[in-house]
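Spelled out, the chains give:
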2 protein chains.
Amino acid sequence: MTTPTPLDQRPKLTYHALAIATKKHGVGSSESGDALLECVRGCLEFLATLDRRDLVSKVPGKEYFVFENHNPRFSDSRGINAGWFNDDIDEVIAAIQGILDGVLPDDPNDLHSALYTAAISYPAATDVTKAGDQKSPGTFFEVLVGQLVSVTLDSQPAKSVAAPTLDMVVTLPTDFVFDLGAGRSRIHLPVKTSTRERVVQVWAHQRVLDGMHGVGRFQGVLVVLAETNRKTQDDSISEVCLPGQWTAYQMYIAQMRRVYYMDIPDKYVGLKDIYPFLQVKAFAEFFYEWESLVNPAKDD
Amino acid sequence: MTTPTPLDQRPKLTYHALAIATKKHGVGSSESGDALLECVRGCLEFLATLDRRDLVSKVPGKEYFVFENHNPRFSDSRGINAGWFNDDIDEVIAAIQGILDGVLPDDPNDLHSALYTAAISYPAATDVTKAGDQKSPGTFFEVLVGQLVSVTLDSQPAKSVAAPTLDMVVTLPTDFVFDLGAGRSRIHLPVKTSTRERVVQVWAHQRVLDGMHGVGRFQGVLVVLAETNRKTQDDSISEVCLPGQWTAYQMYIAQMRRVYYMDIPDKYVGLKDIYPFLQVKAFAEFFYEWESLVNPAKDD
């Protein structure tokens, strides 16, 4: 009999296994899917052992808490949306397994809380066990989204595009791009834990793809975890949104087809009603509407 | 008699005075110019007291050293280009004062080493006296470039642009923009200590300006300190350049008119000879050719 792995080691170990699986088999492989589920489970089981503390929420209509860390070497977790976090680990795993198996609940809202909980699992667990690691939560979230989209689209993603020009071949590293074959749009899928001022690069890369390959060839789909911002001074949490800037990018740089959130800010939802009509939705919606994004004939 | 300020305190104190001057009087004011010269002098006089150590240079044709710090709380300075760093502090100050007074040496190369030395002064001094401060060196460099360009163009910069659209006014925060009056191009002047993967935002903002106000209304002028990258393991320094990506941005996002460097990477100089012919030059050149950038009639 081997000693079971201590719970607080499981986020790190399962993430490590996930990184190996995606490196060896690629995002979208069944091996990566299995490792992803193990990592989500490992993180949630660890988080379930921690104390929680409510934050002062400055976001109307949303409540947040943190997982507390009583070890002074590390901080508390990032803010967790109390309305969407699901304490039933088996339910979360079953819902994510369902996406990987192509089985969805009838109502996207039923999927949404599982997606939110899975997405925040490793980032929250890392916050309380590792100091100053911003990179691995970002990579985890990218793999989670990439894996689910890849299985759904039945296509493994690439991370660069090449364009032959009159003089040379120009190659550009990108976020995930999915080639769905002749007659269907390709998907340009940037994935960010939050956007802040760097988000303009999403529209810029979309513009490069439009210029290289023609407008409409790549459908731009941005997926974001949350826009929450914690202030430790007063233990509060707020959302940082820049809808005016997004409007300018959507008008003047390129047109993103969708922005999906795990924890969707109300300020961005309204962008669908004003020119240039950017649709910002919960990520669960993607799994119900992806066919209209990739099949120009079924375009909305 | 008051005790003179210890030399190692002068970078911090003179930077603080510079920040106050720019906040109160704006970049381009004579007060900011005076404070800038004080800060450059304070930093160079402090650096002159430090030991130096040569780095292993992996950049063909360039030698680098660091200012050493024997205090374990702080690191050594960033790599300093030995060929361009000027030990004659009075000469550096006189050359920068010359720009502020509208007096230039006949040969741009004579100005270049003064500009390089002034630009690296505060960043290097901060490296060895403050841990983990990346922000203030960036702000210093932005103020240095902004001040010299502002005085040269006889125009104080703004940091946002507004565009009336059919529905609303869209406002976008930007890097420096200079309004030179009717009949002359405006200047969009992003300033970066290095570019790395974030530089695409420069082209993206240029695209927004082109879209808002028409192509050619704003001339894009990017100013960069250096692209050096230190590896502490083997005490070496290299340059990180992505000319293929810049080519893609220049072809498909927007057209920057110039990129100026303090420590210019050879790999970018060659971009002027291949489509889309991006001119990358030493920053000193700006002061000799700026009229051709802002006067469409004298366009090259």
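Here goes a summary of the coordinates provided. Since the model is a prediction, treat every value here as computed from it, not as a measurement. (Residues numbered from 1 in each chain as written. Chains lettered and ligands numbered in written order. Predicted model: local features only at pLDDT ≥ 70, side-chain atom pairs only at ≥ 80, totals over all residues. Heavy atoms only, no water.)

1. Some thoughts on the sheet that holds strand E1 (residues 52-54) of chain B
Residues and elements named next belong to chain B.
Then, in step 1: Spatially, the three strands line up as an open sheet ordered E1-E3-E4, and their pairing is antiparallel. The two strands at the open ends of the sheet, each matched to only one other strand, are E1 and strand E4 (80-81).
Then, in step 2: Taken together, the three bridges between E1 and strand E3 (residues 64-67) define a ladder with antiparallel strand orientation. Bridging from a neighbouring strand, Arg 53 pairs with Val 66 of E3. (Pairing = 2+ DSSP bridges. Helix = DSSP H or I, 4+ residues; strand = E, 2+ residues; numbered from the N terminus.)

2. Looking at unusual backbone geometry
Residue and element names in this part refer to chain A.
Then, in step 1: Look at the link from Tyr 275 to Pro 276: it is a cis peptide, with omega at 5°.
Then, in step 2: Of note in this structure, Asp 235 is not a glycine but carries a positive phi near 55°.
Then, in step 3: Backbone geometry at Phe 277 places phi at a positive 60°, although glycine is not the residue there.
Then, in step 4: Within the secondary structure, Phe 277 sits in the loop between helix H8 (266-269) and strand E13 (280-282).

3. Here's the deal with the pairing of strand E9 (residues 218-224) of chain A
Every regular strand shows the same layout, with side chains that alternate between the two sheet faces.
All names here are of chain A.
Then, in step 1: Burial runs high along E9: seven of the seven residues are buried.
Then, in step 2: Burial of the side chains of E9 extends over both faces: Phe 218, Gly 220, Leu 222 and Val 224 are buried on one face and Gln 219, Val 221 and Val 223 on the other.
Then, in step 3: Alignment of strand E7 (residues 186-189) against E9, held across three bridges, turns out to be parallel. Along E9, the bridge assignment pairs His 188 with Gly 220.
Then, in step 4: Where strand E8 (residues 191-192) and E9 come together, two bridges link them in parallel fashion. Paired with Lys 192 across the two strands is Val 224, which belongs to E9.
Then, in step 5: Here four bridges tie E9 to strand E12 (residues 258-261), and the two strands are oriented parallel to one another. Paired with Val 221 across the strands is Arg 258, a residue of E12. (Buried < 20%, exposed > 50% of the residue type's maximum accessible area, 1.4 Å probe, protein only.)

4. A word on helix H5 (residues 135-153) of chain A
One full turn of an α-helix is made of 3.6 residues, so residues set three or four places apart face in the same direction.
Then, in step 1: A rise of 1.5 Å per residue sets the reference length of H5 of chain A, with its 19 residues, at 27 Å; its end C-alpha atoms lie 27 Å apart and thus fit the reference within 8%.
Then, in step 2: Most of H5 of chain A is tucked away, with 15 of its 19 residues classed as buried. (Expected span 1.5 Å × (residues − 1).)

5. Notes on the relation of the copies chain A and chain B
Relating one copy of the chain to the other takes a rotation about an axis and a shift parallel to that axis.
Then, in step 1: Note on the identical chains: chain A maps onto chain B by a rotation of 180° and an axial translation of 0.0 Å, with an RMSD of 0.0 Å. Both copies of the chain, as the preceding transformation shows, are related through a two-fold rotation axis.
Then, in step 2: Mapped onto chain B, 96% of the interface residues of chain A are again interface residues, and the two copies thus contact each other with one and the same surface. (Least-squares fit on C-alpha atoms with pLDDT ≥ 70 in both. Contact = heavy atoms within 4.5 Å.)

6. Notes on the interface of chain A and chain B
Then, in step 1: Chain A puts 27 residues into the contact, and the matching count from chain B is 26 residues.
Then, in step 2: The junction of chain A with chain B conceals about 2200 Å² of combined surface from both sides, 70% of it contributed by carbon and sulfur atoms.
Then, in step 3: On inspection of chain A and its partner chain B, the count reaches zero salt bridges.
Then, in step 4: Applying the counting rule to chain A against chain B returns two residue pairs in polar contact (both at pLDDT 80 or more).
Then, in step 5: Only strand E6 (169-178), helix H6 (200-213) and helix H7 (243-252) of chain A provide two or more residues apiece to the side of chain A that touches chain B.
Then, in step 6: Of all the elements, H6 of chain A adds the most residues to the side of chain A that touches chain B, at eight residues.
Then, in step 7: Here the side of chain A that touches chain B is composed, by residue class, of 16 nonpolar, seven polar and four charged. (Buried area = accessible area lost by both parts, 1.4 Å probe. Salt bridge = Lys/Arg side-chain N within 4 Å of Asp/Glu carboxyl O. Polar contact = N/O pair within 3.5 Å; in protein donor to acceptor, adjacent residues only side chain to side chain. Nonpolar A, V, L, I, M, F, W, Y, C, P; charged D, E, K, R; others polar.)

7. Brief notes about the sheet that holds strand E11 (residues 236-239) of chain B
Residue and element names in this part refer to chain B.
Then, in step 1: Across the sheet, which stays open at both edges, the three strands sit in the order E2-E11-E10 with mixed pairing between neighbours. With one partner strand each, in any of the chains shown, strand E2 (56-57) and strand E10 (228-231) form the two edges of the open sheet.
Then, in step 2: Inspection of the sheet shows E2 paired to E11 by two bridges, in the parallel sense. Bridging across to E11, Val 56 finds its partner in Ser 236.

8. Some words on the side chain of Asp 210 of chain A
Then, in step 1: When you line up the elements, Asp 210 of chain A lands in helix H6.
Then, in step 2: The residues contacting Asp 210 of chain A, other than those within four sequence positions of it, are Val 215, Gly 216, Phe 218 and Ala 254 of chain A.

9. Quick word on a negative patch on the surface
Residues and elements named next belong to chain B.
Then, in step 1: Taken together, the side chains of Asp 88, Glu 91, Asp 106, Asp 107, Asp 110 and Glu 285 make up a negatively charged region of the molecular surface.
Then, in step 2: Checked against the element boundaries, Asp 106 lands in the loop between helix H3 (89-101) and helix H4 (108-127).
Then, in step 3: Residue class for Asp 106 comes out exposed when judged on its relative accessible area of 80%. (Patch = residues over 30% accessible without salt bridge, like charges linked within 9 Å, V, L, I, M, F, W, Y side chains within 5 Å. Areas by Shrake-Rupley, 256 points an atom, 1.4 Å probe, with all protein chains shown as cover. Lys, Arg positive; Asp, Glu negative; His and termini not counted. Charge placed at Lys NZ, Arg CZ, Asp CG, Glu CD.)

10. Section: the pattern of salt bridges
Residue and element names in this part refer to chain B.
Then, in step 1: Applying the stated criterion across every chain yields a total of 37 salt bridges over all chains.
Then, in step 2: The shortest N-O distance in the salt bridge between Lys 130 and Asp 133 comes to 3.0 Å.
Then, in step 3: Its relative accessible area of 15% is what places Asp 133 among the buried residues.
Then, in step 4: Here Asp 235 ties to Arg 230 by a salt bridge, and the two come within 2.8 Å at their closest N and O atoms.

11. Some thoughts on the pairing of strand E10 (residues 228-231) of chain A
Residue and element names in this part refer to chain A.
Then, in step 1: Sheet topology note: the E10/strand E11 (residues 236-239) ladder contains four bridges and is antiparallel. Note that in E11 the partner of Lys 231 across the bridge is Ser 236.
Then, in step 2: What sits between E10 and E11 in their antiparallel hairpin is a turn of four residues, with Asp 235 showing a positive phi close to 55°.

12. Describing the packing of helix H2 (residues 30-47) of chain A against helix H3 (residues 89-101) of chain A
Packed helices, taken two at a time, are described by the angle their axes make and the gap between the axes.
Residues and elements named next belong to chain A.
Then, in step 1: In the contact formed by H2 and H3, the axes pass within 10 Å of each other and the chain directions differ by 165°. Considering their axes alone, H2 and H3 lie roughly antiparallel with respect to each other. Where H2 crosses over H3, the handedness of that crossing is right-handed. Contact residues: H2 offers Gly 33, Leu 37, Val 40, Arg 41, Leu 44 and Glu 45, while H3 offers Ile 89, Asp 90, Val 92, Ile 93, Ile 96, Gln 97 and Leu 100. (Axes fitted to C-alpha atoms, helices over the stretch in contact; angles between N-to-C directions. Parallel < 35°, antiparallel > 145°, perpendicular 65-115°, else oblique. Left-handed = near helix turned anticlockwise from the far one by under 90°.)

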